[in-house]
Amino acid sequence: MLDKTNNQQLATFAGGCFWCMVKPFDELPGIVSLVSGYTGGNTLNPTYDEVGTETTGHREAVQITFEPDVFPYERLLEIYWQLIDPTDAGGQFMDRGHSYRTAIFVHNEEQRRQAEASKQALQASRRFKKPIVTEILSASPFYPAEDEHQQYYKTHVANYKAYMKGSGREDFTGQYWNNPEDKKRLRERLTELQYEVTQNKAAEPAYQNEYWDLYQEGLYVDIVSGDPLFCSKDKFDSGTGWPGFSKPLDEGLIRKEADYSSGQVRTAVRGRLSHAYLGHVLYDGPEPTKLHYRINSAALRFIPKEELESNGLGRYVQLFEADRQR
């Protein structure tokens with residue numbers, strides 16, 4: 001039973017092997033839970049082995065409980081399309097058969113409208129030369145898969161990584177998304193400095209960037225995706241000449257990775273959904289965590305508190321009202 005007070009909804013996506021359909025959505029803000037399972041078929045309580053016989057009519061799928069006010073259904077669709085080959089009617093990558101066919105299972109008419117619109121937009125974009133064949137179907141009973149298939153990317157790390165690479169899914173995503181045309185469009189949208197910083201890890205000059213000494217109330221969003229990344233409440237004078245933050249707004253919207261460039265061992269920070277390079281996380285910040293997110297101004301766009309509502313970020317206004325009520 002969904003908690004109506006939190007306006008939770010369900011989203012169900014079939015995208016081939018369900019092992020690969022959890023990590024991209026997991027731990028994003030507004031994602032309450034993710035369950036791997038089976039749906040769309042004609043048998044009750046199917047097992048993994050039964051679905052694999054291709055006689056049940058079920059497909060492997062992931063069902064997401066989410067809060068649309070925090071993470072809209074449109075964003076889920078954007079992620080979904082980038083995980084699959086939507087032109088393949090016979091399965092996905094090295095997994096063949098009906099149980100691996102893609103589908104968006106919609107739970108209401110608004111989801112259907114948005115799914116149809118996103119499918120049409122993808123077809124019109126000509127990103128793929130072949131027709132988009134992913135089906136949009138009404139949601140049907142969903143049966144959770146066995147425990148060993150839940151959160152597979154966490155419980156079977158080596159197997160998951162080997163499968164992602166060996167199946168061809170990883171290379172396919174790299175080929176069709178963030179391709180030369182995407183980079184060209186991004187160049188047209190960003191300044192030269194913004195592009196070089198976010199795409200090529202260039203470093204902007206200290207003390208000669210837009211936000212290093214800005215302390216106005218508001219949020220700092222990803223310049224590429226618009227995702228809210230940092231809050232002015234967590235900004236501090238790091239003495240480095242770059243914006244410094246003690247923590248991100250939501251850990252789910254950033255990604256950390258090892259950085260061995262410049263002959264140093266550091267931890268780089270990227271936008272999780274945009275993949276844009278942001279800066280580094282250091283350990284010379286304020287107590288108690290001592291975390292110091294040293295971020296390039298060129299990777300950010302500042303939205304003043306007064307403009308959050310008009311930018312679709314009204315839910316964050318309460319961060320600033322809380323202080324005023326004390």
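Because the structure is a prediction, the values reported are computed rather than measured.

Trainee: I would appreciate a short explanation of the overall build of the protein chain in the present structure.
Mentor: Helix and strand counts for the protein chain come out as nine helices and 17 strands. Computed over its C-alpha atoms, the radius of gyration of the protein chain comes to 21 Å, within 12% of the 20 Å expected for a compact globule of 326 residues. Expressed along its principal axes, the backbone C-alpha trace of the protein chain runs to roughly 65 × 45 × 40 Å. For the protein chain, the residues scored as buried account for 49% of the 326 residues in total. Distance between charge centroids for the protein chain: 4 Å, based on 38 positive and 47 negative side chains.

Trainee: Which parts of the structure should I look at to understand the sheet that holds strand β3 (residues 59-66)?
Mentor: Strand pairing within a sheet occurs via backbone hydrogen bonds; the two strands may be parallel or antiparallel. Spatially, β7-β6-β1-β3-β2-β8 is the arrangement adopted by the six strands of the open sheet, whose pairing is mixed. Strand pairing shows two members of the sheet lacking a second neighbour, β7 (135-138) and β8 (142-144), which therefore form its edges. Shown here is a sheet whose adjacent strand axes are inclined to one another by a mean of 35 degrees, direction ignored. By the bridge criterion, four bridges tie strand β6 (residues 103-106) to β7 in an arrangement that is parallel.

Trainee: What should I look at first to understand the packing of aromatic side chains in this one?
Mentor: When we look at a pair of aromatic rings, we describe it by the centre distance and by the angle of the planes. Tallied over the entire structure, the rule returns 21 aromatic pairs. Look at F66 and Y73: their rings are 6.2 Å apart centre to centre, the planes differ by 25 degrees, and that puts the pair in the stacked class. An angle of 55 degrees between the planes, with centres 6.3 Å apart, marks the rings of Y211 and F302 as tilted. In this pair, Y211 is assigned in the loop between α8 (192-200) and β9 (218-222) and F302 in strand β17 (residues 300-304), connecting sequence segments 91 residues apart.

Trainee: Would you mind going over the environment of W177 with me for this structure?
Mentor: For W177, the location among the structural elements is in the loop between α6 (169-176) and α7 (180-189). With 19 residues separating them along the chain, W177 and A158 place their C-alpha atoms 25 Å apart. Residues in contact with W177, not counting those within four places in the same chain, are W81, Q82, L122, R127, F128 and D182.

Trainee: Would you mind going over a negative patch on the surface with me for this structure?
Mentor: A cluster of acidic side chains, namely D49, E50, D147 and E148, defines a negative patch on the protein surface. Checked against the element boundaries, D49 lands in helix α1 (residues 48-52).

Trainee: Would you explain the sheet that holds β17 in this entry?
Mentor: The antiparallel open sheet is built from three strands, whose spatial order is β10-β9-β17. Strand pairing shows two members of the sheet lacking a second neighbour, β10 (228-231) and β17, which therefore form its edges. For this sheet the average axis-to-axis angle between neighbouring strands, irrespective of direction, equals 30 degrees.

Trainee: Got a minute to help me understand the pairing of β9 in this structure?
Mentor: The side chains of a regular strand alternate between both faces of the sheet. Counting buried positions along β9 gives five out of five residues, so the element sits mostly inside the fold. As paired strands, β9 and β17 are joined by five bridges and run antiparallel to one another. If you follow L219 over to β17, its bridge partner there is I303. Pairing of β9 with β10, which is carried by three bridges, proceeds in the antiparallel orientation. Across the sheet, L219 pairs through a bridge with C231, a residue of β10.

Trainee: Mind showing me how you'd approach the side chain of K235 here?
Mentor: Considering the arrangement of structural elements, one finds K235 in strand β11 (residues 235-236). Buried charged residue K235 carries no salt bridge. Nearest counter-charge: D213, at 6.7 Å. Excluding anything up to four places from it in sequence, K235 contacts Y211, W212, D213, L214, Y215, Y220, P243, G244 and F245.

Conventions we followed
- Residues numbered from 1 in each chain as written.
- Predicted model: local features only at pLDDT ≥ 70, side-chain atom pairs only at ≥ 80, totals over all residues.
- Heavy atoms only, no water.
- Helix = DSSP H or I, 4+ residues; strand = E, 2+ residues; numbered from the N terminus.
- Rg over C-alpha atoms; globule rule 2.2 N^0.38 Å.
- Buried < 20%, exposed > 50% of the residue type's maximum accessible area, 1.4 Å probe, protein only.
- Lys, Arg positive; Asp, Glu negative; His and termini not counted.
- Charge placed at Lys NZ, Arg CZ, Asp CG, Glu CD.
- Pairing = 2+ DSSP bridges.
- Axes fitted to C-alpha atoms, helices over the stretch in contact; angles between N-to-C directions.
- Phe/Tyr/Trp six-rings, centres within 6.5 Å; stacked < 30°, edge-to-face > 60°.
- Contact = heavy atoms within 4.5 Å.
- Patch = residues over 30% accessible without salt bridge, like charges linked within 9 Å, V, L, I, M, F, W, Y side chains within 5 Å.
- Areas by Shrake-Rupley, 256 points an atom, 1.4 Å probe, with all protein chains shown as cover.
- Salt bridge = Lys/Arg side-chain N within 4 Å of Asp/Glu carboxyl O.

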